[in-house]
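Here is how the chains run, residue by residue.
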Amino acid sequence: MFKPTNRRRFLQATATSTALAGLGNWAFLSRLPRVSAEEAQLNPGAVGFQSDIEPLVRVLEETSRERLLEEVAARIQSGTSYREVLAALLLAGVRNVQPRPSVGFKFHAVLVVNSAHLASLGSPDEHRWLPIFWALDYFKDAQAQDVRENNWTMAAVDESAVPPADRARQEFIEAMDNWDEARADAAVAGLARSATPAELFELFCRYGSRDFRSIGHKAIFVANSWRTLDSIGWQYAEPVLRSLAYALLMHEGKNPSQSDLPADRPGRENVARAGRIRADWQEGRTDDRATVELLATLRQRSAEEACDHVVELLNSGIAPQSIWDGLLVGAGELLMRQPEIVALHAVTTSNALTYAYQASTSDENRRMLLLQNAAFLPLFREAMKGRGSVADVDITQIEPAAAESAQPAVDEILAEISRDRMSAARKVLAYTQGRGDVRPFIDGARLQVFFKGTNSHDYKFSSAVLEDYGHVSPNWRDRYLAASVFNLRGSGDSDNRLVERTRAALAS
């Protein structure tokens, strides 16, 4: 059975001197109150936001980009909490940034909120504000882009069309199945007011993974919005779910409900495949040979063949954990073959589907999420071919770097990432050999994102891959971590302006 790791224990950061070497002086962060692990982790049952979050959202919306960090810093020093800032950041994004024409691009200002939060969770107390300050600045950039394009703002729901509680679920299903935006918008408002988060999740994880559009951003939006709402409180769910339903209905051309389009075909075929999986499929034996076989299929075969192979493995008694090992490590291998935007999203989409699989209690949904991930990876692989050369890399054949004297140090690996990523990957394998705790490397890699990251993908990718390291079996996780260096930041990369801007904000 696929077992989630204890992320709190695994990601509790303890920055080491090697990981922090050359990363600058963090003393300026002492001007802000520390965010404890307990506050950043957040207990959804204990969240008690005041009803006047709207004024803080308006501060984010109306303050200029040049002044926002200073304004938020002043409010934090006056008592505004981490939770309130996180909530206002998400709500400002869904109200001001349109998730169209593709669920990505400027909409990363919303998608990245949970990734920034995860980066905060994985950081020492004194560093936890940095990802949030970065996300605040990024929101202003996305807001300005939206204004330039069409100045979209989420309108108030048509209350006359909102169905009563006893009809909201069926109205939503029919609207989503028919790709009817107006009907779905009213129905999801009714659902948000009547259904439990668990009931809502089972619906949204189904629709977030049903089609291969926007290179996985639909599934990513489902996972990230759920995780953020679990953190800030479900009293803010309605506008978030309206934005999410609108995003999930994105398509080009003909209505998919009336067509047989390539993006929808794997999902429709997997409904039948899911019914052919043995009843007790969530139990079984882990088998590294089965993972190797699946990796070979993902490397060469079609989406249909990959899904058939997954059904065959499950029906032969293989545990889902061995399938997930193949899917997560296979996504990492794609990144090694072409470290560009498509393969990056193979990794972050697999992370989102992994989360959905773990969070779902529906046997039907779990079958579909597993099969859809198996279908998506060959589709990502084929999409990579139109973006340049794809290297012939087999992740199972990468050897650890030869040790000259001792295991490579963290700062040596971080420096090597900026020079030669394959060499850095081999050094990661040498570093992890016989080591029970790789947190020093993870801490160092995360801090590089804070100092060197320049876009939302740095946060989305690093949060996804450093989390999924704990979801992969021990026999495979070191190779998965080695693949991550193909998109992590190295210590030789140029610094971004975030830290200096934050210093200036706190000094003013």
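Just above sits the structure.
Residues numbered from 1 in each chain as written. Predicted model: local features only at pLDDT ≥ 70, side-chain atom pairs only at ≥ 80, totals over all residues. Heavy atoms only, no water.

(A) Fine view of the overall build of the protein chain. A count of helical and extended segments in the protein chain gives 25 helices and zero strands. Here the protein chain holds 508 residues, and 60% of them are scored as buried. Long-range pairs, those at least 24 residues apart, make up 83% of the contacts in the protein chain between residues at least 6 apart in sequence. For the protein chain, the computed accessible surface area is about 19500 Å², with 47% contributed by carbon and sulfur atoms. (Helix = DSSP H or I, 4+ residues; strand = E, 2+ residues; numbered from the N terminus. Buried < 20%, exposed > 50% of the residue type's maximum accessible area, 1.4 Å probe, protein only. Contact = heavy atoms within 4.5 Å. Areas by Shrake-Rupley, 256 points an atom, 1.4 Å probe, with all protein chains shown as cover.)

(B) Quick peek at helix α11 (residues 197-208). The end-to-end C-alpha distance of α11, which contains twelve residues, comes to 15 Å, matching closely the 16 Å that a straight helix rising 1.5 Å per residue would cover. Restricting attention to buried positions, one finds in α11 the residues Leu200, Phe201, Glu202, Leu203, Phe204, Cys205, Tyr207 and Gly208. Along its buried surface, α11 packs onto α9 (165-177), α10 (181-192), α12 (217-232), α13 (237-248), α18 (341-359) and α19 (363-384). (Expected span 1.5 Å × (residues − 1).)

(C) How the structure looks around the side chain of arginine 273. Within the secondary structure, arginine 273 is located in helix α14 (residues 265-274). A distance of 3.0 Å separates the side chain of arginine 273 from the side chain of asparagine 270, its partner in a polar contact. At 2.7 Å, the side chain of arginine 273 forms a polar contact with the side chain of aspartate 308. The residues touching arginine 273, leaving out its near neighbours within four places in the chain, are Glu304, Cys307, Asp308, Val311 and Leu371. (Polar contact = N/O pair within 3.5 Å; in protein donor to acceptor, adjacent residues only side chain to side chain.)

(D) Looking closely at the packing of α14 against α19. Packing of α14 against α19 brings their axes to within 10 Å, and their N-to-C directions diverge by 135 degrees. In terms of orientation, α14 lies oblique with respect to α19. Between α14 and α19 the crossing geometry is right-handed. Contacts between α14 and α19 involve Pro266, Gly267, Asn270, Val271, Arg273 and Ala274 from the former and Arg367, Met368, Leu371, Gln372, Ala375 and Leu379 from the latter. Split by residue class, the contact of α14 with α19 holds seven nonpolar, three polar and two charged. (Axes fitted to C-alpha atoms, helices over the stretch in contact; angles between N-to-C directions. Parallel < 35°, antiparallel > 145°, perpendicular 65-115°, else oblique. Left-handed = near helix turned anticlockwise from the far one by under 90°. Nonpolar A, V, L, I, M, F, W, Y, C, P; charged D, E, K, R; others polar.)

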